[in-house]
Amino acid sequence: MSGTHSPLPAPVARVWEPLRKRSRSKRALLLMAPLLVFELLLFVAPFLILLRISLTSGSTDLRYAAGTWSLDGYAEVFTSGVLLDAIVYSFKLGLIATAITVSIAVFYAYAIWRAEGALKSALLFSVILPLLTTLVVKTYAFRPLLSPTGTVNDVLLSLNLVSEPIQFVPGTIGVIVGQVYIVLPYAVLAIYSVLSTMDWGIVEAARDLGASRPRSVLEIVVPQAMPGIIVATVISFAWSVGAYAAPGLLASQRVPFAIEVEKRLLSNLQWEIATAYAVVMLLLMVASIAVLTVTLNYFGGEFEYA
Amino acid sequence: MHRETVENAAFRAGYLAILTFMLLPLAVVVATSFEASGQLLFPPENYSLVHYRAFFEETRWLSAFDNSLLVGAGTTVVATTLGVTAAFGHELDDGRTGQVLAPLVLVPLLIPPIILGISMRVYFVRAGLNASFLSIILAHTLWATPLVYFVMRSVFSRFDWQLLDAAKDLGAGPLQSFAYAVLPNVKHGIFVGALLAFIVSLQEFVMALFLSSHSTETIPVVAWTALRQSLDPMVSVVSTFLILISIIAIVVATLATNLEWLSKQLS
């Protein structure tokens, strides 16, 4: 047998131990190889091909002209007003949805952290259930809730808060509400998982020293939860910029990038434009996420605990 | 003292409002599935099971249901195998491969599914696998594997590795020692990972939309196309089933471990 711990004579052990370690790391490599190959074949390779197709010229009868080299796709992305508008709209949506999501998530994660027993279970369940429910169901639910004849407007009208029904859906407000609903569970859990390792005693100490509750949260809890908040921000932003389901079902006229790119790929069959658009969008997202992370790290830096 | 009471009341009202926000939309979907008329009404005016009967008569929904189960089962098998072996390997590993693997597995989750869907479609069309079940299973595996992988890494990190060494000292081979020393201690984790992989596959629709054809479309894809045309009460019925399956999965996963642990694995 290869691995044995029986005490070996020192000279034998000197030769044997490194060999044993090496076979162990070889086995480790062998075990990781399938996933590594899978990721290369199903994630890296498709992206390289996407990149290659974005650099071909368009074709009238095919989806793209194979074998050609051209920047036409990129030129179209940067000159088409429709495509640029969609990018701007997507980023606005991403920023607004992220700001709302992260603020609510910090509060809710804190509430889950402080809760006990059945209440804690109920709060956790309320996060996990939407997380495991399909995007289609989640966004579709806002149609009967937020439409002009929907429940929310009925309530507002009967309370005399508004005189005319408000058209949340279809419309940008509806898209934002839907998108916040989609990313909130991920944001809450990312922050909660950091909070749950935190020592409540520090907050108590701050309170004993006279800090009010909101102040103790802002000055103690938020800085310590910063690693979780950064993850929550990145996830919310990335998914909201690329949002497809919420705008697809809840938007009126303004169309974000995801809907536009789908149209180019599936309806217009302009693959070189669709792929160039996807590449540009991905680069813009990566750049903005990097800026976002660095900025947040800067603010959270001096309180780094995790 | 008075200030404290007001703060407590506001705090409680705040999280109860969010709790409602989280659960109300799903409750609305379930409730609308019982509305007798063809309209989407909440709260329903006349309760009836008429749409449920219609669901079981419509072949498109039923075959989509079968497709979803097939894709889900395939994804579960592939993702669990890849995730468990890689996490186990990562635990044994002291080299650099593991450091490359973890981010590589994580990144697909951060890229908007629409971009993944496009790249996969372009790729599978070239590979001649477009609109096949295999292409959807592989795409879903890309999303499900990270969950299994990270769940298993956290499970393996709590495992007492001396047990494995002990098994080897007693003469067990690599497979035997895994089966007798490791597996019994981590089987709950594997089960929860597999369950999550299945749910992820069952509920994913953006990539499936790009990769499926009429004969391979899954439940969320049919629901999406139906909703694009009009508000269809049948979607409420299907959604109710999907929500029910998620609730069952959470309950089962909670019985195998606990809610707190599960919620940390999902973040």
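Everything discussed here concerns the structure shown above.
Residues numbered from 1 in each chain as written. Chains lettered and ligands numbered in written order. Predicted model: local features only at pLDDT ≥ 70, side-chain atom pairs only at ≥ 80, totals over all residues. Heavy atoms only, no water.

A.B. asks: Honestly, the pattern of salt bridges in this entry has me stumped. Any pointers?
C.D. replies: Under the definition given, this model contains seven salt bridges over all chains. Linking E217(B) and R60(B) is a salt bridge whose minimum nitrogen-to-oxygen distance equals 2.9 Å. Remark: R60(B) occurs in helix α3 (residues 59-92) and E217(B) occurs in the loop between α9 (206-211) and α10 (219-229); sequence separation between them is 157 residues. Exposure remark for E217(B): the relative accessible area of 7% places this residue in the buried category. Bridged by salt links that share partners, the residues E76(A), E260(A), K263(A) and R264(A) form one connected network. (Salt bridge = Lys/Arg side-chain N within 4 Å of Asp/Glu carboxyl O. Helix = DSSP H or I, 4+ residues; strand = E, 2+ residues; numbered from the N terminus. Buried < 20%, exposed > 50% of the residue type's maximum accessible area, 1.4 Å probe, protein only.)

A.B. asks: Any chance you could explain the packing of helix α3 (residues 81-114) of chain A against helix α4 (residues 117-131) of chain A here in plain terms?
C.D. replies: Residue and element names in this part refer to chain A. Across the interface, α3 lies against α4 with an axial gap of 8 Å and an inter-helix angle of 145°. Where α3 crosses over α4, the handedness of that crossing is left-handed. Contact with α3, carried on its side by Y108, A111, I112 and W113, involves K120, L123, L124, S126 and V127 of α4 and no other residues of that element. A breakdown of the residues in the contact of α3 with α4 according to their chemical character gives seven nonpolar, one polar and one charged. (Axes fitted to C-alpha atoms, helices over the stretch in contact; angles between N-to-C directions. Left-handed = near helix turned anticlockwise from the far one by under 90°. Contact = heavy atoms within 4.5 Å. Nonpolar A, V, L, I, M, F, W, Y, C, P; charged D, E, K, R; others polar.)

A.B. asks: How should the interface of chain A and chain B be read in this particular structure?
C.D. replies: How big an interface is tends to be reported as the loss of accessible area on association of its parts. Each partner contributes residues to the interface: chain A has 92 residues there, and chain B has 91 residues. Summed over both partners, the interface of chain A with chain B comes to about 8700 Å²; 78% of that surface belongs to carbon and sulfur atoms. Remark: the boundary between chain A and chain B carries one salt bridge. Between E260(B) and K120(A) there is a salt bridge, and its shortest N-O distance comes to 3.9 Å. Considering each element in turn, the side of chain A that touches chain B owes the most residues, 22 residues, to helix α1 (residues 10-54) of chain A. For the side of chain A that touches chain B, the residue count by class is 69 nonpolar, 15 polar and eight charged. (Buried area = accessible area lost by both parts, 1.4 Å probe.)

A.B. asks: What is the right way to read helix α11 (residues 226-241) of chain A from this model?
C.D. replies: Structurally, the α-helix is built with 3.6 residues per turn, so residues lying three or four positions apart point the same way. Taking 1.5 Å as the rise per residue, α11(A) with 16 residues should run 22 Å; its terminal C-alpha atoms sit 22 Å apart, in good agreement. Summarising burial for α11(A): 14 of the 16 residues are buried, a large majority. (Expected span 1.5 Å × (residues − 1).)

A.B. asks: Is there a simple way to explain the packing of aromatic side chains in this structure?
C.D. replies: Summed over all chains, the structure comprises 25 aromatic pairs over all chains. Ring geometry for F142(A) versus Y181(A): centroids 5.3 Å apart, planes at 75°, classification edge-to-face. Linking F142(A) in helix α6 (residues 142-146) with Y181(A) in helix α8 (residues 172-195), this pair joins segments that are 39 residues apart in sequence. F142(A) gets classed as buried once you look at its relative accessible area, which sits at 3%. Both rings, one in Y181(A) and one in F21(B), keep their centres 5.4 Å apart while their planes meet at 80°; by these two values the pair is edge-to-face. Pair noted here: Y181(A) is in helix α8 and F21(B) is in helix α1 (residues 2-32), and the two residues belong to different chains. Judged by its relative accessible area of 0%, Y181(A) falls in the buried class. Exposure remark for F21(B): the relative accessible area of 25% places this residue in the partly exposed category. (Phe/Tyr/Trp six-rings, centres within 6.5 Å; stacked < 30°, edge-to-face > 60°.)

A.B. asks: It is not clear to me how unusual backbone geometry should be interpreted in this structure. Could you clarify?
C.D. replies: In terms of backbone geometry, most residues other than glycine have negative phi values and most peptide bonds are trans. Residues and elements named next belong to chain A. In this structure, the amide linkage connecting V169 to the following residue, P170, adopts the cis form with an omega of -5°. You can see P170 is positioned in the loop between α7 (151-158) and α8. A positive phi angle is found at L269, which is not glycine, with a value near 55°. Classification of L269 by relative accessible area gives partly exposed; the value is 37%.

A.B. asks: Please explain the environment of A190(A) as it appears in this structure.
C.D. replies: Counting through the fold element by element, A190(A) comes out in helix α8. Taking the C-alpha atoms as reference points, A190(A) and V106(A), 84 residues apart in sequence, are found 9.7 Å from one another. Once residues within four sequence positions are removed from consideration, A190(A) is found in contact with G228(A), V231(A), A232(A) and S267(B).

A.B. asks: Whenever I open this one, α4(A) confuses me. Can you help?
C.D. replies: Between its first and last C-alpha, α4(A) extends 21 Å over 15 residues, near the 21 Å set by a 1.5 Å rise per residue. Every buried residue belonging to α4(A) is among K120(A), L123(A), L124(A), S126(A), V127(A), I128(A), L129(A), P130(A) and L131(A), and all of these are buried.

Geometry only, nothing functional implied.
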